[in-house]
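A structural walkthrough
Chain by chain, the residues:
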Amino acid sequence: MNLPERVKEVQNWLKDDLAKVNDTFNSVEEFRLKYIGKKGLIPALFRDFGSLDASLKREVGKNLNILKKEAEEAVSQLKERLTAKSGQDEEFDYTLPGMPFNRGNLHPVTQTMNRICDIFCEMGFGIEFGPEIETDFNNFQALNFPDNHPARDMQDTFFIEDDILLRTHTSPIQIRTMLKKKPPIRILAPGRVFRNEAINPRSYCVFHQIEGLYVDEDVSFAELKMTIEVFAKKFFGKDVQIRFRPSYFPFTEPSAEVDVSCFICGGKGCRLCKHTGWLEIMGCGMVDPNVLEACGIDSERYTGYAFGMGPDRITLLKYGINDIRLLFEGDIRFLKQF
Ligand code: PHE
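Model, not experiment: these values are computed from the prediction.

Our focus in this paragraph is the pairing of strand β7 (residues 252–261). Burial analysis of β7 places 8 of its 10 residues in the buried class, which makes it a mostly covered element. Here strand β6 (residues 242–249) folds back onto β7 in antiparallel fashion, the turn holding 2 residues. Sheet topology places β7 next to strand β8 (residues 278–287); 8 bridges connect them, and they run antiparallel. Across the sheet, the residue bridging to Val 258 is Met 282, located in β8.

Turning next to the pattern of salt bridges. This structure, assessed with the given rule, holds 18 salt bridges. For Arg 301, the salt bridge is made with Glu 217, and the minimal N-O distance between the two is 2.7 Å. Placement of Arg 301 in the loop between α9 (289–294) and β9 (303–309) and of Glu 217 in the loop between β5 (206–216) and α8 (221–236) is noted, with a sequence separation of 84 residues between them. Classification of Arg 301 as partly exposed rests on a relative accessible area of 48%. Through salt bridges with shared partners, a single network forms among Arg 243, Arg 245, Asp 259 and Glu 280.

Spatially, the 7 strands line up as an open sheet ordered β1-β4-β5-β9-β8-β7-β6, and their pairing is mixed. Each edge of the open sheet is held by one strand with a lone partner, namely β1 (126–127) and β6. With 10 bridges joining them, strand β4 (residues 185–194) and β5 adopt antiparallel strand pairing. Bridging from a neighbouring strand, Arg 192 pairs with His 208 of β5. Each of β5, β8 and β9 is contacted by helix α10 (residues 311–319), which is oriented at about 115° to β5, the strand it contacts most.

How big an interface is tends to be reported as the loss of accessible area on association of its parts. For the protein, the assigned domains read domain 1 (3–86) and domain 2 (108–335). On a C-alpha basis, the centroid separation for the pair domain 1 and domain 2 is 79 Å.

Here helix α1 (residues 3–20) crosses helix α2 (residues 25–35) at 175°, and the two axes come no closer than 11 Å. Relative to α2, the element α1 lies roughly antiparallel. Side by side, α1 and α2 meet where Val 10, Trp 13, Leu 14, Asp 17 and Leu 18 of the first sit next to Phe 31, Lys 34 and Tyr 35 of the second. Its residues assigned to classes, the contact of α1 with α2 comprises 6 nonpolar, no polar and 2 charged.

Our focus in this paragraph is the environment of Phe 129. Following the sequence through the fold, Phe 129 ends up in the loop between β1 and β2 (133–135). Distance from Phe 129 to Thr 170, taken between C-alpha atoms, is 8.8 Å for residues 41 residues apart in sequence. If we ignore the near neighbours within four places in the chain, the residues touching Phe 129 are Ile 173 and Pro 190.

Thresholds applied
- Residues numbered from 1 in each chain as written.
- Predicted model: local features only at pLDDT ≥ 70, side-chain atom pairs only at ≥ 80, totals over all residues.
- Heavy atoms only, no water.
- Buried < 20%, exposed > 50% of the residue type's maximum accessible area, 1.4 Å probe, protein only.
- Helix = DSSP H or I, 4+ residues; strand = E, 2+ residues; numbered from the N terminus.
- Pairing = 2+ DSSP bridges.
- Salt bridge = Lys/Arg side-chain N within 4 Å of Asp/Glu carboxyl O.
- Contact = heavy atoms within 4.5 Å.
- Axes fitted to C-alpha atoms, helices over the stretch in contact; angles between N-to-C directions.
- Domains from an automatic or database assignment.
- Parallel < 35°, antiparallel > 145°, perpendicular 65-115°, else oblique.
- Nonpolar A, V, L, I, M, F, W, Y, C, P; charged D, E, K, R; others polar.

Written out as structure tokens, the structure reads:
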């Protein structure tokens with residue numbers, strides 16, 4: 001076949017093939033290589049053009065140039081269509097290393113709080129939240145801290161106005177719940193609390209509490225003990241022991257402090273438990289009748305228990321971290337270890 005015929009033939013193929021190209025990178029690329037790639041059909045025609053009889057050069061040269069232009073335009077249109085469609089640059093280098101994708105994780109205190117909430121939810125507790133800015137009534141008064149009562153000194157308070165403050169504990173959530181719901185009440189109240197304390201490895205001005213409250217007819221201290229024991233075994237391991245020590249809180253009577261046997265040394269004594277064999281994990285007690293009455297609950301008919309714990313401290317114990325400030329500084333190098 002002579003060159004003018006071959007040019008015609010390639011022109012026909014081009015038309016046919018163009019109709020078959022689909023909107024994929026591979027298909028367009030295949031088409032490009034076949035016609036205008038270095039080893040493609042059109043450059044091959046140009047190579048043979050050199051040895052063509054001089055009398056035919058004018059005519060064939062013109063057709064050859066038209067063919068080349070057609071092919072190039074077709075390819076550039078196909079590429080445009082492809083880019084518009086995929087929003088991708090076809091020059092993208094698929095061999096480049098991928099973009100680093102950092103997986104986030106929950107803050108260790110959040111993990112502890114979630115776990116604690118899960119365990120109590122399994123036991124039938126619901127979750128309640130409350131605001132971090134509270135009234136003196138909800139934070140103190142209704143919790144049986146009368147004005148000028150020395151117990152207020154137990155909690156160094158950030159006041160915003162005379163009667164408005166940053167909550168010093170999550171107990172005001174108990175009050176809010178009892179004011180809006182009637183017994184039976186069985187809730188957990190997790191949240192951030194604030195105290196004007198010296199900042200050092202063991203205390204910080206912001207920390208977390210999880211409070212529990214159960215109010216119903218015939219709620220007893222025995223039930224409180226049982227509930228705490230079930231929780232402690234689920235959270236710290238089935239071999240831990242618990243003990244209750246008498247304590248004082250204005251809003252509970254009687255009140256107790258709960259210790260678990262040290263989960264590092266099993267009670268034998270080590271650095272974590274300061275050689276006592278015990279770790280303090282929460283305060284608790286029977287809700288003082290004054291608190292129930294302040295919320296309009298009949299204290300002759302109903303009794304209740306409450307407990308409160310510090311998930312920050314529990315997190316420090318669990319991971320053997322010796323500085324509480326690490327939990328609040330947001331340093332990724334520290335946080336990504338959990
Ligand atoms: N709210 C108490 C505190 O911050 C903890 C607590 C809660 C104690 C409930 C007993 C019962 O110290």
